[in-house]
Amino acid sequence: MEPKINCAQACVNGCILGDKCPNIEFREAASQFIQETSLDEMLAIAEERLRKKMTEPPKWVLPEDA
């Protein structure tokens, strides 16, 4: 059994597990998206998401819900 690691902290400079990475399919999908999508298209996606987020009603987080 392999130890669990926090990829967000341990792999900030690159994956430390290599081919044993449990998130390898996500890495491959992200790499494919970057290769196949132009920067202008990525910026348009980000701008659309920001516009949607700005028009959403506020979401309140109450202490008893957290």
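Model, not experiment: these values are computed from the prediction. Counting starts from 1 at the beginning of each chain's written sequence and moves along it residue by residue. Where totals are concerned, whole chains, interfaces and linings use all residues; where local detail is concerned, this predicted model gives features only for residues with pLDDT of at least 70, and gives and counts side-chain atom pairs only at 80 or more. Excluding hydrogens and water, the side-chain figures rest on all heavy atoms present in the structure.

Another point: the overall build of the chain. Each helix is a run of DSSP H or I of at least 4 residues and each strand a run of E of at least 2, with the numbering of both proceeding from the N terminus. Looking only at helices and strands, one finds three helices and zero strands in the chain. Reading the chain from its N end, one meets helices and strands in the order α-α-α. This radius of gyration counts C-alpha atoms alone. The globule rule is 2.2 Å times how many residues there are, raised to the power 0.38. For 66 residues, the compact-globule estimate of 2.2 N^0.38 gives 11 Å, and the chain exceeds it by more than 25% at 18 Å. The C-alpha extent of the chain, read off along each of the three principal axes, is 45 × 40 × 20 Å. Expressed as a percentage of the 66 residues in the chain, the buried residues total 5%. Note on exposure labels: buried denotes an accessible area under 20% of the residue type's maximum, exposed denotes more than 50%, and partly exposed covers the range between, all computed with a 1.4 Å probe on protein chains only.

Salt bridges are identified by distance alone: a Lys or Arg side-chain nitrogen within 4 Å of an Asp or Glu carboxyl oxygen. Within this structure, the stated rule accounts for two salt bridges. Of the charged contacts in the structure, one is a salt bridge between Glu48 and Arg51, with a shortest N-O distance of 2.5 Å. Here Glu48 pairs with Arg51, and both are found in helix α3 (residues 39–55), just three residues apart, close to one helical turn. Residue Glu48 is classed as partly exposed on the basis of its relative accessible area of 32%. Between Glu56 and Arg49 there is a salt bridge whose closest N-O contact spans 3.6 Å.

This paragraph deals with a nonpolar patch on the surface. To count toward a patch, a residue needs a relative accessible area over 30% and no salt bridge; like charges are then connected within 9 Å, while nonpolar side chains (Val, Leu, Ile, Met, Phe, Trp, Tyr) are connected within 5 Å. For the accessible areas, the method is Shrake-Rupley and the probe is 1.4 Å, while residue cover comes only from the protein chains on display. A cluster of nonpolar side chains, Phe33, Ile34 and Ile45, forms an exposed patch at the surface whose accessible area comes to about 290 Å². For Ile34, the position within the fold is in helix α2 (residues 24–36). On the accessibility criterion, Ile34 (56% relative accessible area) is exposed.

Scored from 0 to 100, pLDDT reflects the predictor's confidence in each residue. Taken as a whole, the chain shows an average pLDDT of 86; of its residues, 92% reach a score of 70 or greater. The secondary structure element of the chain with the lowest average pLDDT is helix α1 (residues 7–10), at 84, and the one with the highest is α3, at 95.

Mapped onto the fold, Thr37 is located in the loop between α2 and α3. Here Thr37 falls in the buried class, since its relative accessible area comes to 12%.

Our next topic: the state of the cysteines. Put plainly, two cysteines are in a disulfide when a covalent bond ties their sulfur atoms together. By convention in this document, the label disulfide applies to cysteine sulfur atom pairs within 2.5 Å. Using the criterion set out here, one finds zero disulfides in the structure. In this model Cys11 remains outside any disulfide bridge; the closest cysteine sulfur is found in Cys7, 4.5 Å from its own. Residue classification places Cys11 among the buried positions, given a relative accessible area of 16%.

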